[in-house]
Amino acid sequence: MTRRAAAIAALLILGGCNQAHQSGKAGDKFAGLDTEILKWRTEIMASDPLCKSQAEGEKCESFEVACKAERTISPADQAKGATARVVAAMTWNGFDPKFKHSQSGVRAAQFDKAASGWTRTDHRPVNMSSCADL
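Below is a summary of the structure that appears in this document.

Calculation criteria
- Residues numbered from 1 in each chain as written.
- Predicted model: local features only at pLDDT ≥ 70, side-chain atom pairs only at ≥ 80, totals over all residues.
- Heavy atoms only, no water.
- Helix = DSSP H or I, 4+ residues; strand = E, 2+ residues; numbered from the N terminus.
- Buried < 20%, exposed > 50% of the residue type's maximum accessible area, 1.4 Å probe, protein only.
- Expected span 1.5 Å × (residues − 1).
- Core = buried A, V, L, I, M, F, W, Y, C linked by side-chain atoms within 4.5 Å.
- Salt bridge = Lys/Arg side-chain N within 4 Å of Asp/Glu carboxyl O.
- Disulfide = S-S within 2.5 Å.

### Brief notes about unusual backbone geometry
Although it is not a glycine, Ser62 adopts a positive phi angle of roughly 60°. Note on placement: Ser62 falls in strand E1 (residues 61–70). A relative accessible area of 48% places Ser62 in the partly exposed class. Positioned with a positive phi, Lys100 is a non-glycine residue whose angle comes to about 55°. Its relative accessible area of 62% is what places Lys100 among the exposed residues.

Have a look at this one:
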């Protein structure tokens, strides 16, 4: 199985546990979200300090979407064209080069959908089970 296929399979398995609906169905307001989450994962692998090492046993691995939760869109955001909002949190294992040991990483992001597609912004930490703000 390719890495991309494995990542997609992991996202789909986790999708049943999340508050936001799985994306991909025709007419689904969350269509395309899984693809955006995969892009986010790729960007984390390219930029996070825990993912810099390419040595065997020191690479980033075990990426997991811990939670996804739909958020309410304000009337002001709807007027700007927003059609969906989801907050997601992702965890992974990496390698801390300073302390020379494995370390867990975590990030949260907000995904907003409009007619032009999805955009992503960093989000403050969330509860890893529900994606509720802390």
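Still more to cover.
### Here we look at helix H2 (residues 33–47)
Between the first and last C-alpha of H2 there are 21 Å, a value that for 15 residues agrees with the 21 Å anticipated at 1.5 Å per step. For H2, every residue scored as buried is listed here: Leu33, Asp34, Glu36, Ile37, Leu38, Trp40, Arg41 and Ile44.

### Section: the nonpolar core
Ranked by internal contacts, the top residues of the largest apolar core, which has 18 residues, are Trp40, Met90, Trp92 and Phe111. Breaking this core down by element, the ones donating at least two residues are H2, E1, strand E2 (84–96) and strand E3 (101–114). The biggest single contributor to this core is E2, with five residues. Judged by nonpolar contacts, the second largest core, of seven residues, contains Val87, Ala89, Val126 and Cys131.

### Topic: the pattern of salt bridges
Following the criterion strictly, the structure yields nine salt bridges and no others. Between Lys68 and Asp34 there is a salt bridge, with its nearest N and O atoms 3.4 Å apart. Highlighted residues: Lys68 in strand E1 and Asp34 in helix H2, separated in sequence by 34 residues. There is no split in this pair, since Lys68 and Asp34 are both buried. Between Lys39 and Glu36 there is a salt bridge, with the nearest N and O atoms lying 3.2 Å from each other. Separated by three residues within a single helix, Lys39 and Glu36 lie in helix H2, roughly one turn from each other. Using a relative accessible area of 44% as the deciding quantity, one classes Lys39 as partly exposed.

### Side note on the state of the cysteines
Applying the stated criterion across every chain yields a total of two disulfides. Bridging Cys51 to Cys60, the disulfide has an S-S length of 1.9 Å. Judged by the torsion about the S-S bond (-90°), the Cys51/Cys60 disulfide is left-handed. Considered together, Cys51 and Cys60 belong to a single accessibility category, that of buried residues. Sulfur-sulfur distance for the disulfide between Cys67 and Cys131 comes to 1.9 Å. On the sign convention where negative is left-handed, the bridge of Cys67 and Cys131, at about 85° about the S-S bond, is right-handed. Of the two residues, Cys67 is situated in strand E1 and Cys131 in the segment after strand E4 (117–123); the sequence distance between them amounts to 64 residues. Considered together, Cys67 and Cys131 belong to a single accessibility category, that of buried residues.

Remember that the coordinates give geometry; whether it matters functionally is a separate question.
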